[in-house]
Amino acid sequence: MTRWPLRQVAFVGFGLIGSSLARVMREQQLVERITAASRSSQTLALARQLGLIDIGYADPADAVRGADLVILAMPVNATESILRAIKPALSAQAVITDVGSTKGNVVAAAEAVWGEVPPTFVPGHPIAGSEQSGVLAGRANLFAGHKVILTPLPTTQAEALALVTSLWQRAQADVLTMSVERHDSVLARTSHLPHLLAFSLVDTLARESNNLDIFRYAAGGFRDFTRIAGSDPTMWHDIFLANRDAVLEALDGFESGTRLLRQAITTGDSEALLGIFTRARVAREHFTHMLAGTAYAKPMTAEKDLTYTVQPGGRMNGRIRVPGDKSISHRSIMLGSIAEGITEVTGFLEGEDALATLQAFRDMGVVIEGPERGRVRVHGVGLHGLKPAPGPLYVGNSGTSMRLLSGILSAQPFDTVMTGDASLTKRPMERIAKPLRLMGADIQTTGERGTPPVSVHGASTAAKGGLKGIHYDMPVASAQVKSGVLLAGLWADGETSVTEPAPTRDHTERMLKGFGYEVKVQGATASLRGGGKLTATKIDVPSDISSAAFFLVAASIAPNSDLTLEHVGINPTRVGVINILKAMGGNLEVFNEREIGGEPVADIRVRSAQLKGINIPEDQVPLAIDEFPALFIAAACAEGTTVLTGAEELRVKESDRIQVMADGLAILGISAEPTPDGIVIQGGQLGSGEVVSHGDHRIAMSFAMAGLRANGPIVIRDCANVATSFPDFLGLAKRCGLAISASE
Ligand code: NAP
């Protein structure tokens, strides 16, 4: 452990960075005596007046004599001469560190002076600063919340590293370590190149003959982009020369980027331009979110813990439109991407799961504009136009993305790895990998017990002649597995068919037909032949019946309710929740039925009703699989007993939905007995209490609706994932009459 305070700290160079660090030390009394060397007596006089140093010297050797810690805070190019000058005066145990913006040349300077870098030397670089310089510009909070990169060598002493780390932590910086080479290469791209461009742009424009006009009319973009051209010329001169190779490499990369843009502009290639701009915009958002530690969708984020509190009572009234169907949103991007032409999507669900699919296809080179208030334009690349992604595809929490993409990726002539968040990483992927292997795919589930990451070796499959059509009898009813196999079948030799043991969602089959691809459906078997093509189309995504389900249940259980849900997708494979609620005595009216893009759509009016417990018919289970958490709340409010069987699938959803719902209902005073493949729920009076959703969005929304019939407040923890399927759940629920609030 580092023991503060030290006896003496010496600075060589005492400008913005050095004096800021001295301010931290003074404020926290980390040192008894501070000495400094500077070429200017004025700097030293000012530093003394400000109380930042005890004594200043012109000769760096005098400043470091007797110091426990020496901090080099002058321009990097002076490092070698300074080290030579201070070497004879340094005490043997003195720890030396620096703050230079490049590290390779600082380490080289130390090697030149000592033959090898002393073990007490800890190279460092605070990623903080400003365009101002000098002792007056310094401030104690300059480093707070910023990163400091230390680049220790294998020979660096652990105690020396600990001391320097502790110092920066005292300055409230985030300390991380990396190799010297990596530091210089990363910084060349993220810091040095942008400065070079800003200097160059301002200089180039300033030299043009009408420069006064240009600057007079300069817009905000110019000001933002060129702010850093106000930085200290000497310092940057040093940095570019010091980090020459990495900067030149970064500049080469940038120049090839601008050449692509130039060519696209010259030839009027709008697709290439849009591709670059949309990718850049998304990448920037992605990095901004990453840096801020948040997920894609705002304001609810998967990173933070979000708690809902629902006050008891209320009724549900009005006309609402819930967000677009998640399954259809996913498929619109997937099929749009592999179709020929531009697919226009409206009503797209901007939840994290569908956004993960969108990002995956962008990563594979597809130009996708939007989403902008539910509108997306997908510039299809055809069945053979996907490109390898630059790295693993990250699909967040989305099982649909991972399973359907497994099918598509198995047929690509390149290798891909798919990863997801902690919850997805626990979900079974062998069920899709197995049939794909039967088709000749080289696909591995590399997690423990057949779970993600999923590694797809498309190249080796292609080398062996590609996929072959198969007939697959699905052991477990799963729309995702059926879809994954059928999608792989688009590229397979011959016919691919899938028979399902029970009806599952048929969005893929319907949408393939919408894209002009022939799919035969006979009884429980869907089949298609590989080698055709998909033609771009328009898709108006219906509202998601899974999101509507919470409101169907809510208006049924809350007294005096009368709620109409507009434009709801009523695909026959999804209407289990309507059928089950009706069987329980629910007052639901489905009207204004129409067909949009191959999918049936209707408005649904729900009024309160006294529900009664039923034995849920097993043939309805696959048609309502995602709606059971909401239906369990209906069962809790019903008269009598509700029994669910044949729903073991619920145990491997985003959470073990049977157990998690049973636990929550028990806390609220309802008798709920889990069984291996279902649950037995005894209707009763919901009480108040605190339940945990285990990060499962549907559990969180279901318990929220329970508040309507509870006799006290319900607190629901871990609700951040609601954004994955229902971005404005809270707003819409409040508008209808639910007394709900959220807190972090
Ligand atoms: P600054 O405010 O200009 O201070 C530089 C200090 O170094 C002054 O005290 C200067 O004083 C002294 N100095 C200049 N040339 C020297 C030489 N040849 N020999 C000895 N001393 C010399 O600059 P700064 O922003 O603090 O930068 C210092 C270091 O921090 C640089 O290595 C820079 O790469 C690094 N850094 C800067 C930033 C930033 O945003 N500014 C961020 C991270 C890291 P005299 O001229 O009086 O000697």
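Residues numbered from 1 in each chain as written. Predicted model: local features only at pLDDT ≥ 70, side-chain atom pairs only at ≥ 80, totals over all residues. Heavy atoms only, no water.

Enquirer: Before we go on, may I ask you to explain the overall build of the protein chain in this structure?
Expert: Check the secondary structure of the protein chain and you find 25 helices and 32 strands. Projected onto its principal axes, the C-alpha positions of the protein chain cover 90 × 60 × 55 Å. By the burial criterion, 54% of the 744 residues in the protein chain qualify as buried. Taking the intrachain contacts of the protein chain between residues at least 6 apart in sequence as the baseline, contacts between residues at least 24 apart amount to 75%. Put simply, the protein chain shows about 30,600 Å² of open surface, and 52% of that area lies on carbon and sulfur atoms. Mean positive and mean negative side-chain charge positions of the protein chain (69 and 77 charges, respectively) differ by 3 Å. (Helix = DSSP H or I, 4+ residues; strand = E, 2+ residues; numbered from the N terminus. Buried < 20%, exposed > 50% of the residue type's maximum accessible area, 1.4 Å probe, protein only. Contact = heavy atoms within 4.5 Å. Areas by Shrake-Rupley, 256 points an atom, 1.4 Å probe, with all protein chains shown as cover. Lys, Arg positive; Asp, Glu negative; His and termini not counted. Charge placed at Lys NZ, Arg CZ, Asp CG, Glu CD.)

Enquirer: Is there a simple way to explain the nonpolar core in this structure?
Expert: Proteins that are soluble and globular tend to have nonpolar side chains buried together. M316, F551, F628, L665, I716 and F729 are the most contacted members of the largest nonpolar core, which totals 84 residues. Residue contributions to this core peak at ten residues, all from helix 20 (residues 545-557). Ignoring any residue separated from it by four or fewer positions in sequence, one finds F551 in contact with M316, I320, V322, L563, L565, M705, F726, F729, L732, A733 and C736. Within the second largest apolar cluster, 65 residues are counted, among which are V378, L409, M439 and M474. (Core = buried A, V, L, I, M, F, W, Y, C linked by side-chain atoms within 4.5 Å.)

Enquirer: Could you clarify how one ought to interpret helix 11 (residues 244-267) in this entry?
Expert: Each α-helix winds once per 3.6 residues, and so residues spaced three or four apart point in a common direction. Taking 1.5 Å as the rise per residue, helix 11 with 24 residues should run 34 Å; its terminal C-alpha atoms sit 34 Å apart, in good agreement. Those residues of helix 11 lying buried are A246, V247, A250, L251 and A264. (Expected span 1.5 Å × (residues − 1).)

Enquirer: Explain the pattern of salt bridges here, please?
Expert: Oppositely charged side chains are able to pair whenever their charged atoms sit close together. With the rule as written, the count across this model stands at 30 salt bridges. Measuring nitrogen to oxygen at the nearest pair gives 3.4 Å for the salt bridge that ties E649 to R431. Of this pair, E649 sits in the loop between strand 27 (641-644) and helix 23 (657-667) while R431 sits in helix 16 (residues 430-438), placing them 218 residues apart in sequence. Residue classification places E649 among the buried residues on the basis of a relative accessible area of 16%. For R431, a relative accessible area of 23% translates into the label partly exposed. Taken together, the shared-partner salt bridges in this structure form one network comprising R505, D626, K653, E654, R657 and D696. (Salt bridge = Lys/Arg side-chain N within 4 Å of Asp/Glu carboxyl O.)

Enquirer: Could you clarify how one ought to interpret the packing of aromatic side chains in this entry?
Expert: Given two aromatic rings, one states the distance between the centres and the angle between the planes to describe the pair. This model, assessed by the stated rule, comprises eight aromatic pairs. Between the aromatic rings of Y308 and F729, the centroid separation amounts to 6.2 Å while the plane-to-plane angle is 25 degrees, which identifies the pairing as stacked. Of this pair, Y308 sits in strand 10 (residues 307-310) while F729 sits in helix 25 (residues 729-736), and the two are 421 residues apart along the sequence. On the basis of relative accessible area, F729 is assigned to the buried category, the value being 0%. Members of the aromatic cluster, connected to one another through ring pairs, are Y308, F551, F726 and F729. (Phe/Tyr/Trp six-rings, centres within 6.5 Å; stacked < 30°, edge-to-face > 60°.)

Enquirer: How do you make sense of the site of the ligand when you look at a structure like this?
Expert: Every one of the 26 residues lining the ligand counts as a neighbour, but F14, L16, S38, S101 and G134 are closest to it. When the ligand is considered free in solution it has 880 Å² of accessible area, and contact with the protein chains removes 83% of it. Mapped onto the shell around the ligand, the elements with two or more residues apiece are helix 1 (16-27) and strand 7 (124-126). (Near = heavy atom within 4 Å.)

Enquirer: I'm lost on the packing of helix 13 (residues 326-338) against helix 19 (residues 507-514) in this one. Help?
Expert: The relative placement of two packed helices comes down to the angle between their axes together with the axis-to-axis distance. Relative to each other, helix 13 and helix 19 sit at 40 degrees, their axes nearing to 10 Å. Regarding the angle of helix 13 to helix 19, the classification is oblique. For the pair helix 13 and helix 19, the sense of crossing is right-handed. Along its contact with helix 13, which presents S327, I328, R331, S332 and L335, the element helix 19 presents H507, T508, M511 and L512. Across the contact of helix 13 with helix 19, the residue classes tally to four nonpolar, four polar and one charged. (Axes fitted to C-alpha atoms, helices over the stretch in contact; angles between N-to-C directions. Parallel < 35°, antiparallel > 145°, perpendicular 65-115°, else oblique. Left-handed = near helix turned anticlockwise from the far one by under 90°. Nonpolar A, V, L, I, M, F, W, Y, C, P; charged D, E, K, R; others polar.)

Enquirer: Would you mind showing me how to read the state of the cysteines here?
Expert: In a disulfide, the sulfur atoms of two cysteines are held together by a covalent bond. A full pass over the atoms with the stated rule returns zero disulfides. Among the cysteines around C637, which has no disulfide bond, C736 carries the closest sulfur, lying 17 Å off. Cysteine C719 is unpaired, with the sulfur of C736 as its nearest cysteine sulfur at 18 Å. (Disulfide = S-S within 2.5 Å.)

Enquirer: For this particular structure, what's the right way to read the sheet that holds strand 20 (residues 495-499)?
Expert: Think of a sheet as strands paired side by side through backbone hydrogen bonds, with each pair either parallel or antiparallel. The sheet built from four strands is open, its strands ordered 19-20-22-21 with mixed pairing. Among the strands making up the open sheet, the edge pair consists of strand 19 (471-473) and strand 21 (520-522). Ignoring which end each strand starts from, the neighbouring axes of this sheet average 15 degrees apart. Where strand 19 meets strand 20, three bridges bridge the pair, whose relative direction is parallel. By the bridge assignment, D473 is partnered in strand 20 with T499. In the packing of helix 18 (residues 479-489) onto the sheet, contacts are made with strand 19, strand 20 and strand 22 (525-529), and the angle to strand 20 comes to roughly 170 degrees. (Pairing = 2+ DSSP bridges.)

Enquirer: I tried to follow the domain arrangement of the protein chain on my own but got confused; where do I start?
Expert: A common way to state how big an interface is: give the accessible area lost once the parts meet. Domain annotation for the protein chain reports domain 1 (6-178), domain 2 (186-268), domain 3 (307-320 + 542-743) and domain 4 (326-540). A straight line from the C-alpha centre of domain 1 to that of domain 4 covers 55 Å. (Domains from an automatic or database assignment.)

Enquirer: What exactly am I supposed to notice about helix 10 (residues 233-242) here?
Expert: Those residues of helix 10 that fall on the buried side of the exposure criterion are W236, D238, I239, F240 and A242. Here the buried face of helix 10 lies against helix 5 (104-114), helix 7 (180-207) and helix 11.

Enquirer: Just checking my understanding: could you explain the pairing of strand 22 for this structure?
Expert: Successive residues of a regular strand alternate their side chains across the two faces of the sheet. Relative to strand 22, strand 20 runs antiparallel, the two sharing five bridges. Bridge assignment links T499 to a residue of strand 22, and that residue is T525. As defined by bridge partners, strand 21 adjoins strand 22 across three bridges and the pair is classed as antiparallel. Paired with Q522 across the strands is T525, a residue of strand 22. Hairpin remark: strand 21 followed by strand 22, antiparallel, with two residues in the connecting loop; positive phi at G523, about 60 degrees.

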